[in-house]
Amino acid sequence: MSQSIEPRTGAETADIDGDEEPADRDDPTATTERVDASTADPETSGDTDETRSNARDASGTDAGHFTFDDLSVVMGTYNEEAAIATVLEDIERVTNGRAEVVCVDGSSDRTPEIAREHGATVIEQEPQGYGVAVEAAIRAPDRPVVVTTDCDDTYPMERLPAFLEAINDGADVVSGDRLYHGAETMPVFNRFGNHAFAGIASFLMGTRVHDTTTGMRAYRREVIESIEWTENTGLSAELLIRPLVRGYDVQEVPIPYGERAGETKLDPIEGGAAIAKSIVTVCLEERLRQL
Ligand SMILES: Nc1nc2c(ncn2[C@@H]2O[C@H](COP(=O)(O)OP(=O)(O)OP(=O)(O)O)[C@@H](O)[C@H]2O)c(=O)[nH]1
Ligand SMILES: [Mg+2]
């Protein structure tokens, strides 16, 4: 199934939740719409989280009827032996084995073997950082909807139906917001940094966003293919910022965030500095592009 996507002109200054931060986050019912996953897959739905949208009116625009057969779930995998079986089993269960799974792998442990045993397509690549792996993983399949995730059991694969449903309702990008529910399993330094990144990006874009560095998002493939990506450690922020400033319908959906299984691959100081630099660079590039 394929659809043509045009950026929505005039959405550049739209607020992603249309309201001030404190009121909205304390009272989600005030400004949010709900995502009902039931039409994506009745057996695995049940998501009740709220969706914050920058779309003034998403009705009737680019709505589709994608199923799990149209979905690729992709990830970079780097020595994720402790988590990969759980992550792939969750995807299999939630999508009834219908989603395609692609892992771009740089591991020296048994991660790629476990991935293949679970039916994933494995692309081997020297470890070169998060963004190099994830961009390759996003580009490898050709299904029209792509979901990224980390292979560390932190992200709720149970929400895949809700993400797909939001795409079917007209979203171009659906972004899992880990900070909405507090992200208590996230190290305090990272949590502080992620709030700061969202604040900086919001200020520079003139649009409120809440979690710029989340690893779990759904994208329409055409959006991915229409934009040139430049960042590595900061790719996650770039994948949110460029579509948003260009007027695509980007929605943030609150998600729970679990404890990481296995070792982190991100150095908090070095990685954090790289992400901050990416956010400033990408926001300024996109604002200049608007002139
Ligand atoms: N192939 C490949 N995958 C990578 C590389 N760096 C990170 N990854 C994967 O990218 C995903 C994100 O890395 P994480 O270590 O979870 O980074 P993070 O989410 O910022 O940090 P945590 O809070 O510890 O989860 C994981 O699935 C990693 O295995 C790399 O150089 N190559
Ligand atoms: Mg992670």
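Residues numbered from 1 in each chain as written. Chains lettered and ligands numbered in written order. Predicted model: local features only at pLDDT ≥ 70, side-chain atom pairs only at ≥ 80, totals over all residues.

The chain has the name Glycosyl transferase family 2 in an unreviewed UniProt entry, where Halopenitus malekzadehii is given as its organism.

Caption draft 1: Spotlight on the overall build of the chain. Across its full length, the chain carries 9 helices and 9 strands. Residues counted as buried form 51% of the 291 residues belonging to the chain. Taking contacts inside the chain between residues at least 6 apart in sequence as the whole, the part at least 24 apart equals 79%. (Helix = DSSP H or I, 4+ residues; strand = E, 2+ residues; numbered from the N terminus. Buried ≥ 20, exposed ≤ 12 C-beta atoms within 10 Å, placed from the backbone. Contact = placed C-beta atoms within 7 Å.)

Caption draft 2: Highlighting the site of ligand 1. Lining the immediate environment of ligand 1, one finds 24 residues, of which Gly76, Tyr78, Ala133, Thr264 and Lys265 sit closest. When residues of the shell around ligand 1 are traced back to their parent elements, those giving at least two are strand 3 (71-77), strand 4 (100-105) and helix 4 (130-139). Broken down by element, the shell around ligand 1 gets its largest block of residues, 3 residues, from strand 3. Its residues assigned to classes, the shell around ligand 1 shows 8 nonpolar, 10 polar and 6 charged. (Near = placed C-beta within 6 Å. Nonpolar A, V, L, I, M, F, W, Y, C, P; charged D, E, K, R; others polar.)

Caption draft 3: Representation of the environment of Thr86 in the model. Within the fold, Thr86 resides in helix 2 (residues 84-94). Using a count of 16 C-beta atoms within 10 Å as the deciding quantity, one classes Thr86 as partly exposed. Sequence separation between Thr86 and Cys151 is 65 residues, and the spatial gap between their C-alpha atoms is 9.0 Å.

Caption draft 4: Structural context of helix 9 (residues 268-290). With 23 residues, helix 9 extends 32 Å from end C-alpha to end C-alpha; this agrees with the ideal 33 Å at 1.5 Å per step. Of all the residues in helix 9, the buried ones are Gly271, Gly272, Ile275, Ser278, Ile279, Val282 and Cys283. Each element contacted by the buried residues of helix 9 is listed here: helix 6 (188-205) and helix 8 (235-245). (Expected span 1.5 Å × (residues − 1).)

Caption draft 5: Broad picture of unusual backbone geometry. Even without a glycine there, the phi angle at Asn79 is positive, about 55°. Mapped onto the elements of the fold, Asn79 is located in the loop between strand 3 and helix 2. Look at Ala183: it is not a glycine, yet its phi comes out positive at around 50°. Of note, Ala183 is situated in the loop between strand 7 (173-177) and helix 6. Look at Ala183 and you get buried, because 22 C-beta atoms sit within 10 Å.

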